[in-house]
Amino acid sequence: MCLVLICVRVPVPCHSRIYRASCEECCPYEPLLEMTMCLGHFFEGHRTEVPSHRIVVSLIAVSGADLVNGMMFGWTAVLPKLQEDTSRFTVTEDDVSWLVSVVLIMGFITAPLAGPIAECVGPRRLLMIITLPVTGLWLVQAYSPYLWLLYLARALMAICGTVVYTVVNPLAAELFPAHIRGVATAVPEAFGSAGLLLSYLLASVLPWDTATAFFAVPILPLSFMMLLVPESPYWLVRKNNIDAAERFQTSSWP
């Protein structure tokens, strides 16, 4: 059974074992690779059973990254308490407006760049890199002695959240088997909603700085869990790293 994956012809010579094996039935022309059919034959024909625990760990690591966005948008619930606390700096109504809107402003700037960067370095690698500083940014927001530093941390957090939102669903669609792909692309939304709910709960029962510091707790382990997630095999093929893509399919997620 063939999958419709990419509806373009790419002039890549069929010189490797994987291309020859994949294109044997659907590509009579050796000089060109018919990506639409060949990748479908390869990824379906060479699929092996993947241990369920590896899928679960990878799904949690990839989808859990969307907690960043849920908590980033939910953080605004602490703003009334932040305005009441004048021990470090004073937050005006204008500051509240800018702290809320800077997320969308930075997202507008970052979103067009996230895709090309992911294509250059790899979506899984980019996701791991972009989630590493998030824990530190939450702590900076919680204990910042200056208002400008709070703005800076908020803006950098918005950049991280935009990259996460751009990369997570395509990576899940390319990474997980077809029979769970629908679930895999829905789970990030569940994590995002959970992050939003967690933000509201913490903001209602804790001081604003303590609640903000707590937002850092779940992100750090997710960043290290990302080390267990393999790179997208489709990205590996696009980068002509055929051996790595073949190992992904034949060795049950190395």
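This structure is a prediction, so every number in the text was calculated from the model and none was measured.

Here's the deal with the packing of aromatic side chains
- Taken as a whole and judged by the stated rule, the model has two aromatic pairs.
- Look at Trp-138 and Phe-215: their rings are 4.9 Å apart centre to centre, the planes differ by 70°, and that puts the pair in the edge-to-face class. Of the two residues, Trp-138 sits in helix 8 (residues 134–143) while Phe-215 sits in the loop between helix 11 (208–214) and helix 12 (219–225), which places them 77 residues apart along the sequence.
- Given a relative accessible area of 0%, Phe-215 falls into the buried group.
- When the centroid spacing of 6.2 Å and the interplanar angle of 15° are considered together, the rings of Tyr-146 and Trp-148 count as stacked.
- For Tyr-146, a relative accessible area of 48% translates into the label partly exposed.
- Judged by relative accessible area, which is 55%, Trp-148 ranks as exposed.

Here's the deal with helix 9 (residues 147–175)
- Here helix 9 spans 41 Å end to end across 29 residues, near enough to the 42 Å set by a 1.5 Å rise per residue.
- At Val-167, helix 9 is deflected by roughly 30°, the largest bend along its length, and proline Pro-170 occurs up to four residues later in sequence.

Section: the side chain of Gln-141
- The topology assignment puts Gln-141 in helix 8.
- Sequence-distant contacts of Gln-141, that is, excluding residues within four places in its chain, are made with Trp-75, Leu-150, Ala-153, Arg-154, Met-157, Trp-208 and Thr-212.

A look at the confidence of the model for the protein chain
- For the protein chain, per-residue confidence averages 80 on the pLDDT scale, and 77% of positions sit at 70 or higher.
- Taken as a whole, residues 1–51 scores under 50 in pLDDT and shows 84 contacts with residues more than four places along the chain or in a different chain.

Here we look at the pattern of salt bridges
- Overall, the coordinates contain three salt bridges when judged by the stated rule.
- For the salt bridge of Arg-88 with Asp-209, the shortest nitrogen-to-oxygen distance reads 3.6 Å. Residue Arg-88 is found in the loop between helix 5 (79–84) and helix 6 (93–121), and its partner Asp-209 is found in helix 11; the two are separated by 121 residues along the sequence.
- Several salt bridges share partner residues, and in doing so they unite Glu-119, Glu-174 and Arg-238 into one network.

A short note on a nonpolar patch on the surface
- A cluster of nonpolar side chains, contributed by Phe-73, Leu-104, Leu-196 and Tyr-200, occupies part of the molecular surface with about 390 Å² of accessible area.
- Looking at the secondary structure, you find Leu-196 in helix 10 (residues 181–205).
- On the accessibility criterion, Leu-196 (31% relative accessible area) is partly exposed.

Side note on the environment of Val-68
- By secondary structure assignment, the location of Val-68 is in helix 4 (residues 67–74).
- Sequence separation between Val-68 and Gly-161 is 93 residues; the distance between their C-alpha atoms is 5.9 Å.
- The contacts of Val-68, once residues within four sequence positions are left out, are Val-134, Met-157, Gly-161 and Ile-219.

Procedures and definitions
Sequence order as written defines the numbering, with residues in each chain counted from 1. Residues qualify for local features only when their pLDDT is at least 70, as the model is predicted, and side-chain atom pairs are given and counted only at 80 or more; totals for whole chains, interfaces and linings, by contrast, use all residues. Processing note: side-chain calculations cover all non-hydrogen atoms of the structure and skip hydrogens and water entirely. Each pair of aromatic rings taken from Phe, Tyr and Trp, with Trp reduced to its six-membered ring, is defined by centres within 6.5 Å and is described as stacked if the planes are under 30 degrees apart, edge-to-face if over 60, and tilted in the remaining cases. Helix and strand definitions here come from DSSP, where helices need a minimum of 4 consecutive H or I residues and strands a minimum of 2 consecutive E residues; each element is numbered from the N-terminal end. For every residue, the accessible area (1.4 Å probe, protein chains only) is compared with the maximum for its type, and the residue is labelled buried under 20%, exposed over 50%, or partly exposed between those bounds. Between the first and last residue of a helix there are one fewer steps than residues, each counted as 1.5 Å, and that sum is the expected span. Consider a residue and the seven residues that end there alongside the seven that start there; fitting an axis to each set, the bend is the angle between those axes. By the convention used here, residues are in contact when the closest approach between their heavy atoms is within 4.5 Å. pLDDT: the predictor's confidence for each residue, scored from 0 to 100. Salt bridge criterion: a side-chain nitrogen from Lys or Arg within 4 Å of a carboxyl oxygen from Asp or Glu. For patches, a residue must show more than 30% relative accessible area and have no salt bridge; joins then use 9 Å for like charges and 5 Å for nonpolar side chains, namely Val, Leu, Ile, Met, Phe, Trp and Tyr. Using a 1.4 Å probe, the Shrake-Rupley method yields the accessible areas, and only the shown protein chains count as cover for residues.

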